[in-house]
Structures are given as C-alpha cells and as structure tokens.
Amino acid sequence: MAIFNVDGTEAAPAPRPSSTTPAGRAFGAIPPPALVLVGIVSVQMGSAVAKQLFGEVGSFGTVALRLFFAAGVLLLWWRPSLRMDRRAWTVVVGYGLVLGVMNLSFYLALDRLPLGIAVTVEFLGPLAVALGGSRRWLDALWALLAGGGVALLMDGRGELDLVGLLFALVAGTCWGLYILLGAALGRRTSEGNGLALGMAVAAVVAVPFGVAGSGRALVQPWVLLAGSGVALLSSVVPYSLELEALRKIPPHVFGILMSLEPAVAALIGLVVLKESLHWSQWIAVLCVMAASAGATRTARPDA
C-alpha cells in the first residue's frame, strides 16, 4: 500500500529523488501519469508475490518480512534521530501501530479473498476519510455509489469469505486512521525520519507474529529474497514514483489516477494469481473506483 491518501495528499514524508541524480533524470523523462500507473502496478504485483508466499510462511510471516525489510531500508536511508518530544513520539508510535495492524489485517484478508476484492473493500477506508464531514449532496451520491459497490460484492456467487471481508474492513479502517496520523506525522517530524521510525514500530508489531507462526521457515534464502522483493515492490518503488509524480501534477489529478488501484488489483489477480471475478463483482470494483474518482475530483481545496 502506498503512503498517499485517496485524495492525493501526502500521508507522510518519504524519500524524494533529486532531479540532478541519475534516478531523478530518469524519472523526469517519464510522464507523471505513467509514474503513477507503474507505482500502482508495483504495489499490486508486490501483493501478488506476497500471496504466493503464504503457503510457505503464512500471512503473518509474509507481512513480517515486508515490514522488516522496508523498515531496514528506511532506517538506513534516513538514519533518524531519536531526540523528539513526547507528542512527536506519541504520533510516531500510533502511526507505527496502525501501520502494523493495517498490514496484518490486509494480508489476512488477502489470504481469504481475491486480490481485487480485498483491495476494493480496503479502499473504502480512504474514501470514507475523503467524504467525512461533508454535507454536500454530491458527496452523498459518491457514498451511495460506493455502498452500491459493496452490495454488489456481496451479491457475487456466494463464495466470499465473511471473515476475509471483516479483515479487509479492519484494514480499510486502519488505512483511514493511517491517513489522519500520517498528516500529524508530517507536522511533528521532518523529512522521512518519522516514516522510518513509524515503519520500525510497525515491524516490531508484525515480526513477533511472523516468528511465532513460521519460525525457521522465515530464514530460508529464497524466502528472504522473496520478502525483500515484496518490500521493494510494495514500498520503495511506488513511494519513489508517486513522490516524483506529485512534483509535476496536482494532487486531485494524482488522486483520480490512484482510483485505478482496485481495477489494477483485480487484473493482476486475474493474470498472475488466476483469480476470476463474477461480472457483478467487476461492476462493484468499478463503482468504488468511480466513487473515489468523483470524490477526489469534486473535493473542496481545504478537504
């Protein structure tokens, strides 16, 4: 999952490549929409690779590997100072706890649901944040459209795992909290220091579950390699691409492009994981996408 809100605002600071570096020049030659789309594909490919690890180390082991390697990369990159006031530490710890629970819940959902459906249900969390507090009739329309999408998901072929849906809803709720805490993290910390420390807290939350559930299976060379790949695909690559894209396009345009994520997840689930969806479930995905794009497009500037 990326570090940006459904409305395209930045949830937390992260590494930003300089235009004077080779990576910066390479990114500069790519159109911003393409950067966003590649980032979306990277995140969902990371989820697909993660799901294929479930048979070896389970969902807990997989998320432990992802957060462990992601935290390691961010800590080495930023080398954050531990000298922060109590309020800053409160935000960092809260951010990390929510991030850890969000990933654990999402991977538990992914173990029981097709990738496209898990991402679509989880996407309701950021959408709720985008619509929260609004009294405009148009935003009520987007909320109804998203609700209709959820109803269509439940009206599929009767094969959806209810426990998986609950985990996806928990992950979506955590994503909403993650957005709010991410904004506070950006105010209380500088550069990527808060993100690195928050990711370390999330790893501390997840790793004990992974070790308890998988034990020595986690230290197999190919498992470690796959876990590092998941961390790169799901965190490092998309964060860099999205930040570069946000330098060149308005946040609301970014948010509309990010609304493609449920559809990309469903397509990757179909192609990579051989997960087919019922026609009504495809319509449900499109409903949630349309609601997200609409809410982003019509959002007030101060939302």
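Residues numbered from 1 in each chain as written. Predicted model: local features only at pLDDT ≥ 70, side-chain atom pairs only at ≥ 80, totals over all residues. Heavy atoms only, no water.

## Description of the overall build of the protein chain
And step 1. Helix and strand counts for the protein chain stand at twelve helices and zero strands.
And step 2. Counting over 303 residues, the protein chain shows a buried share of 53%.
And step 3. Counted over contacts in the protein chain with a minimum sequence separation of 6, partners at least 24 positions apart contribute 88%.
And step 4. Surface summary for the protein chain: the accessible area is close to 13300 Å², and the carbon and sulfur share equals 68%. (Helix = DSSP H or I, 4+ residues; strand = E, 2+ residues; numbered from the N terminus. Buried < 20%, exposed > 50% of the residue type's maximum accessible area, 1.4 Å probe, protein only. Contact = heavy atoms within 4.5 Å. Areas by Shrake-Rupley, 256 points an atom, 1.4 Å probe, with all protein chains shown as cover.)

## What about the pattern of salt bridges?
And step 1. Scanning the entire structure with this criterion turns up one salt bridge.
And step 2. Between E275 and K51 there is a salt bridge, with the nearest N and O atoms lying 2.5 Å from each other. One end of the pair, E275, is in the loop between helix 11 (261-271) and helix 12 (279-297); the other, K51, is in helix 2 (residues 32-78), and 224 residues separate them in sequence. (Salt bridge = Lys/Arg side-chain N within 4 Å of Asp/Glu carboxyl O.)

## Considering the packing of helix 2 against helix 11
And step 1. Helix 11 packs onto helix 2 with a crossing angle of 45 degrees between their chain directions and a minimal axis gap of 9 Å. When the axes of helix 2 and helix 11 are compared, the pair comes out oblique. The handedness of the crossing between helix 2 and helix 11 comes out as right-handed. Listed contacts from helix 11 to I40, V41, V43, Q44, M45 and A48 of helix 2 are E261, V264, A265 and I268.
And step 2. Taken together, the residues of the contact of helix 2 with helix 11 sort by class into eight nonpolar, one polar and one charged. (Axes fitted to C-alpha atoms, helices over the stretch in contact; angles between N-to-C directions. Parallel < 35°, antiparallel > 145°, perpendicular 65-115°, else oblique. Left-handed = near helix turned anticlockwise from the far one by under 90°. Nonpolar A, V, L, I, M, F, W, Y, C, P; charged D, E, K, R; others polar.)

## Re the nonpolar core
And step 1. The biggest cluster of nonpolar side chains holds 83 residues, and the ones touching the most others in it are V36, F106, L113, L115, I117 and M199.
And step 2. Here this core gets 15 residues from one element, more than from any other, and that element is helix 2.
And step 3. When residues no more than four places from it in sequence are discounted, the contact partners of I117 are L153, L160, L165, L277 and Q281. (Core = buried A, V, L, I, M, F, W, Y, C linked by side-chain atoms within 4.5 Å.)

## A short note on the packing of aromatic side chains
And step 1. If you walk through the whole model with that rule in mind, you get six aromatic pairs.
And step 2. Judged by centre distance (5.9 Å) and plane angle (65 degrees), the ring pair of F106 and Y107 falls under edge-to-face.
And step 3. Under the relative-accessibility criterion, F106 is labelled buried at 2%.
And step 4. Three or more aromatic residues joined by ring pairs make a cluster, and in this case those are F54, F106 and Y107. (Phe/Tyr/Trp six-rings, centres within 6.5 Å; stacked < 30°, edge-to-face > 60°.)

## Looking at the side chain of E275
And step 1. A relative accessible area of 14% means that E275 is categorised as buried.
And step 2. Setting aside residues up to four positions removed in sequence, E275 forms contacts with K51, L113, P114, L115, G269 and L270.

## Brief notes about unusual backbone geometry
And step 1. Positive phi, close to 45 degrees, is recorded for R79, a residue that is not glycine.
And step 2. Inspection of the secondary structure puts R79 in the loop between helix 2 and helix 3 (86-110).
And step 3. On the basis of relative accessible area, R79 is assigned to the exposed category, the value being 70%.

## Examining helix 4 (residues 115-122)
And step 1. Across the eight residues of helix 4, eight count as buried, placing the element largely inside the fold.
And step 2. Within helix 4 the residues assigned to the buried category are L115, G116, I117, A118, V119, T120, V121 and E122.

## Here we look at the packing of helix 11 against helix 12
And step 1. Relative orientation of the contacting elements helix 11 and helix 12 amounts to 150 degrees, with a least axis distance of 9 Å. Judged by the angle between their axes, helix 11 and helix 12 are roughly antiparallel. The residues of helix 12 that touch helix 11, namely those facing P262, A263, A266, L267 and L270, are W282, V285 and M289.

## Some remarks on helix 11
And step 1. For helix 11, a buried count of eight out of eleven residues is recorded, marking the element as mostly surrounded by other parts of the structure.
And step 2. For helix 11, the set of buried residues is E261, P262, A263, V264, A265, A266, I268 and G269.

## A short note on the confidence of the model for the protein chain
As a note on interpretation, predicted positions should not be read in detail where pLDDT is low.
And step 1. Of the residues in the protein chain, 85% have a pLDDT of 70 or more, and the chain-wide mean is 83.
And step 2. Taken element by element, the protein chain is modelled with least confidence in helix 1 (residues 22-28), mean pLDDT 55, and with most confidence in helix 3, mean pLDDT 94.
And step 3. In this model residues 2-21 is a low-confidence stretch, pLDDT under 50, and it forms 71 contacts with partners more than four residues away in sequence or in other chains. (pLDDT = per-residue confidence, 0-100.)

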